[in-house]
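Examining the three-dimensional arrangement
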Amino acid sequence: MLSIVIPTYNRLPILKKCLIALEHQQFRQDKDSQVLDYEVVLVDDGSTDGTLDWLTAHGDQFPHVRSFAQNHAGPAAARNLGVKQALGEIIIFIDSDLVVTEHFLQSHADALVQAQQRLGCDRLFTYGWVINTCNFDEPTSEPYKITDFSAAYFATGNVAIARKWLLEAGLFDTRFQLYGWEDLELGVRLKQLGLKLIKCPEAVGYHWHPPFSLDQIPRMIDREIQRGRMGVLFYRKHPTWEVRMMIQMTWLHRLLWGILSLGGRLNERTMAPFLQWLIDRGKSQLALEIARIFLNWYNVQGVYAANREMQG
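The notes below deal with the structure included here. (Residues numbered from 1 in each chain as written. Predicted model: local features only at pLDDT ≥ 70, side-chain atom pairs only at ≥ 80, totals over all residues. Heavy atoms only, no water.)

**Re the side chain of Asn299**
Stated precisely, the cut-off is as follows: Numbered from the N terminus, helices here are DSSP runs of H or I no shorter than four residues, and strands are runs of E no shorter than two. Buried residues are those whose accessible area, probed at 1.4 Å on protein chains only, stays under 20% of the maximum for their type, while exposed residues exceed 50% and partly exposed ones sit between those limits. In protein, a polar contact requires one atom able to donate a hydrogen and another able to accept it; more generally it is a pair of N or O atoms within 3.5 Å, and residues adjacent in sequence count only if both atoms are side-chain atoms.
Mapped onto the secondary structure, Asn299 falls in helix H11 (residues 284-311). The class for Asn299 is buried, based on a relative accessible area of 0%. A polar atom in the side chain of Asn299 sits 2.7 Å from the side chain of Gln248.

This is the structure:
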């Protein structure tokens, strides 16, 4: 029994595609299929875009979906509620803007069973591919790109794990209410339990986001500052050099992004004309990668500001 846990917050247009894809899963009809049944546990984190009303009106189209609601408290609290309500012994986390292929669940199930047989134990979890795309009409047509590679140990964009390990590790820390790090922090605790990461490239999910535009930049800057604050919380729970590197709280990151951004002089205002020039020529992805120069500078600044505040 598989339980797909999905937190959602104001993602209704792409959420529809996400749920439709999960209703069209294909399974082998042999004794080695491994999948007995599955459910989709959707947790609405206080959406204001009519998500719950839409689910109520179209519930008959999604027989595998069970939905729950909470006041807006962040994805950590939403995932915890989903795990507690789940009926399956295997939890699969995805985000509500992820569209999966028809063999997604079967691939995770096969990888879990095969890895357990190979290793002789069940201290493991599987991690699938996440391919970023801005193609809303056909998200699954996007090819894999080098920028889609992730070195994360445990990230909830596409991961399958036995429910018992989540409970033993203590679930997600609900103090992570802003953007970032709640899943990687849980990953540190899972690693301490000795769980092994098993890559599962056959379980593919396509992470949709709108094409980059200049009007997104204020929200992106705010998100980087939030990520900095949550990064310091992460470090205070696990004060290691590895975590410092992950959250960019080192002199190296300060120097790197300080030099690349010319001490913050290359920013959303000074770079706007060039970024818009790239966007106008159909190079919005390149514009986004260049914008990451000042976005990372804001992140590093946010990390050190939050650290000073917490020390004070």
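**Focus on the layout of surface pockets**
Under the convention used in this document: Cavities and pockets were defined on a 1 Å grid built over protein atoms only: a cavity is a set of grid points that admits a 1.4 Å probe from which the probe cannot escape, a pocket is an open set flanked by protein on both sides within 12 Å along at least five of seven lines, and lining residues are those with an atom within 4 Å of any such point. Grid points are joined across faces, edges and corners, and a volume is the space filled by probe spheres set on the points. Gly counts as polar in this scheme, as do all residues outside two lists: the nonpolar Ala, Val, Leu, Ile, Met, Phe, Trp, Tyr, Cys and Pro, and the charged Asp, Glu, Lys and Arg.
Considering only enclosed or pocket space, the second largest pocket measures out at about 300 Å³ in volume. Lining the second largest pocket are 16 residues, with Glu89, Ile90, Leu112, Val113 and Gln116 positioned closest to its centre. Secondary structure elements with two or more residues in the lining of the second largest pocket: helix H4 (104-119) and strand E7 (158-162). The leading source of residues in the lining of the second largest pocket is H4, at 5 residues. A per-class count over the lining of the second largest pocket returns 11 nonpolar, 3 polar and 2 charged.

**A few points about the nonpolar core**
Quick reminder of the rule: In plain words, nonpolar cores are sets of buried Ala, Val, Leu, Ile, Met, Phe, Trp, Tyr and Cys residues tied together by side-chain atoms within 4.5 Å. The contact definition used throughout considers only heavy atoms, calling two residues in contact when any of these lie within 4.5 Å.
Ranked by size, the top nonpolar core spans 64 residues in total, and within it Leu19, Phe93, Ile94 and Phe154 carry the most contacts. Here Phe154 is in contact with Phe93, Phe125, Val159, Ile161, Leu166, Phe172, Asp183, Leu184, Leu186, Gly187 and Leu190, once residues within four sequence places are set aside. Core analysis: the next-biggest nonpolar cluster, separate from the first, contains 17 residues, Val232, Phe234, Ile247 and Val303 among them.

**What to know about the environment of Met246**
Secondary-structure assignment places Met246 in helix H8 (residues 241-247). A relative accessible area of 27% means that Met246 is categorised as partly exposed.

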